[in-house]
Amino acid sequence: MKRRTFLKSGLVASSAAFMPQFLSGASANLQSANGNKLVVIQLAGGNDGLNTLVPYQNDIYYKSRPNIAIPKNQVLKLNHDLGFNPSLKSMAQFFENGEMSVYNQVGYPNQNKSHFRATDIWLTASDANQYLSTGWLGKYLDADCQKPHHAIEIGTSLSLALKGDKGYGMAFDHPYTLMRTGNTDFFKQLRNLSATDSKSEYLYKTFVQTQQSTDYIFDKFRTYKSTITYPNSANGRSLKTIAQLIGAGVDTSIYYHSIGGFDTHGAQLGRQKQLHQNLDTALSAFVNDLKQSNNWNSTRILIFSEFGRRIKENGSKGTDHGKASNVYVLGGGMDTPGFQNGSTDLTKSENNDLLHTMDFRSIYAHLLKNWLNSKVGLPSSGFTT
């Protein structure tokens, strides 16, 4: 295809659907004014909050889960009535060190229990009856960004959370893969083309910006090598990549990482134990890495899931889709670590679903305003506590 025909065709001027996800970045000058970084970890599938942060003094909990409740003598006790699952030893230590804030029974009004819809609500910060195509962090990117690499997801596709109206972040599994893809003959030839209309000009500019970000990430990444031992898992490898990018001084303010498998309808005890150990060991290495590179105090880690599980176990020794669950924020130098909104109240329930006492969007708003120094609002102002 001739250059002019190629640029005029709908192929180039179409959208991110034509391009690999790592080239979906358009605009970003996102270095937060104070240099802080936010690492978002999504526990996809609906993590069971009650077997994560265990109400070990609560009779309702043990009567509702005769087969899968965590025995009281195994709980890693944090206070007089709550403690972590025994597979979360590092998480418990972070809490004891004053490096964690815990938010209980987090959700939103009219909570949805569909994986797809609930995930969209959490990623866009919409109301239950709102349908948005831009994410809560994408709104931030639209307001404050000019370069693609300032918001990065480690993975092969870009989360809705990072999609804005004007610009997206970048998604790749490793800087070396990013560099190899960006330097194929196809993209080399495309960079040498010139735009012939406004649509192709915009796309051409996007390619140029993304290639510049690719070169920048690769060059910076090679300057820092982690000496911390990570678990040999996809989760461990992803967090190691993020730690190395941060340690190398890449001027990215948002990192995103999703871990799947938390939909534990059956045989939950063994499955969640494996998932928790995977998360806990990778987090331990990640935090040690950030401390070693002197980035722990300038980093916050947000951990969330799209919903919790029902209070009562099901007939398969698992739990079905529920509503409210826990959210965790980790980091160094916290002003007010610990429990932020009291203990778990199992009497605040409806039809076997734990109801929320805090709206998740209030946590987002706090991070945007007080950590990333942003003045942008969220799509919904309906915060409730």
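Before any of the text, the structure's been laid out above.
Note that this is a predicted model, so its numbers are computed, not measured. (Residues numbered from 1 in each chain as written. Predicted model: local features only at pLDDT ≥ 70, side-chain atom pairs only at ≥ 80, totals over all residues. Heavy atoms only, no water.)

A.B. asks: Can you walk me through the packing of helix H4 (residues 89-96) against helix H11 (residues 268-292) in this structure?
C.D. replies: Between two packed helices, the angle of one axis relative to the other and the distance separating the axes together describe the packing. Closest axis-to-axis distance for the H4/H11 pair is 7 Å, and the angle between their directions is 45°. Taken together, the axis directions place H4 and H11 in an arrangement best described as oblique. On H11, the residues that touch Lys 89, Ser 90, Met 91 and Phe 94 of H4 are Asp 280, Leu 283, Ser 284 and Val 287. Taken together, the residues of the contact of H4 with H11 break down into 4 nonpolar, 2 polar and 2 charged. (Axes fitted to C-alpha atoms, helices over the stretch in contact; angles between N-to-C directions. Helix = DSSP H or I, 4+ residues; strand = E, 2+ residues; numbered from the N terminus. Parallel < 35°, antiparallel > 145°, perpendicular 65-115°, else oblique. Contact = heavy atoms within 4.5 Å. Nonpolar A, V, L, I, M, F, W, Y, C, P; charged D, E, K, R; others polar.)

A.B. asks: Mind showing me how you'd approach unusual backbone geometry here?
C.D. replies: Trans peptide bonds make up the majority, and among non-glycine residues the majority have a negative phi. The residue Ala 125 is not glycine, and still its phi comes out positive at about 60°. Here Asn 373, not a glycine, exhibits a phi torsion of approximately 60°, which is positive. By the secondary structure assignment, Asn 373 is in the segment after helix H12 (360-371).

A.B. asks: Please explain the packing of aromatic side chains as it appears in this structure.
C.D. replies: How two aromatic rings sit relative to each other is set out by the distance from centre to centre and by the angle between their planes. This structure, assessed with the given rule, holds 11 aromatic pairs. Where Phe 95 meets Phe 339, the ring centres are 4.9 Å apart and the plane angle is 50°; that geometry is what we call tilted. Remark: Phe 339 occurs in strand S11 (residues 338-339) and Phe 95 occurs in helix H4; sequence separation between them is 244 residues. Using a relative accessible area of 13% as the deciding quantity, one classes Phe 95 as buried. In this structure Phe 339 comes out as partly exposed when scored by relative accessible area, which is 23%. Grouped by ring-pair contacts, the aromatic residues Tyr 108, Trp 122, Trp 136, Phe 304, Phe 360 and Tyr 364 constitute a single cluster. A cation over a ring is seen here: Arg 300 above Trp 371, with NZ or CZ 4.1 Å from the ring centre. (Phe/Tyr/Trp six-rings, centres within 6.5 Å; stacked < 30°, edge-to-face > 60°. Buried < 20%, exposed > 50% of the residue type's maximum accessible area, 1.4 Å probe, protein only. Lys NZ or Arg CZ within 6 Å of the ring centre and 35° of its normal.)

A.B. asks: What exactly am I supposed to notice about the pattern of salt bridges here?
C.D. replies: When charged atoms on two side chains of opposite charge get close, those side chains can pair. All told, the structure shown has 8 salt bridges when counted by the stated rule. Note that Asp 263 and Arg 309 form a salt bridge whose closest N and O atoms lie 3.0 Å from each other. Of the two residues, Asp 263 is situated in the loop between strand S8 (254-259) and H11 and Arg 309 in the loop between strand S9 (299-304) and strand S10 (325-331); the sequence distance between them amounts to 46 residues. The shortest N-O distance in the salt bridge between Asp 353 and Arg 310 comes to 3.2 Å. Taken as a pair, Asp 353 in strand S13 (residues 353-354) and Arg 310 in the loop between S9 and S10 lie far apart in primary sequence, 43 residues in all. Judged by relative accessible area, Arg 310 falls into the partly exposed class, the value being 22%. A network of salt bridges, in which partner residues are shared, links Lys 113, Arg 310 and Asp 353. (Salt bridge = Lys/Arg side-chain N within 4 Å of Asp/Glu carboxyl O.)

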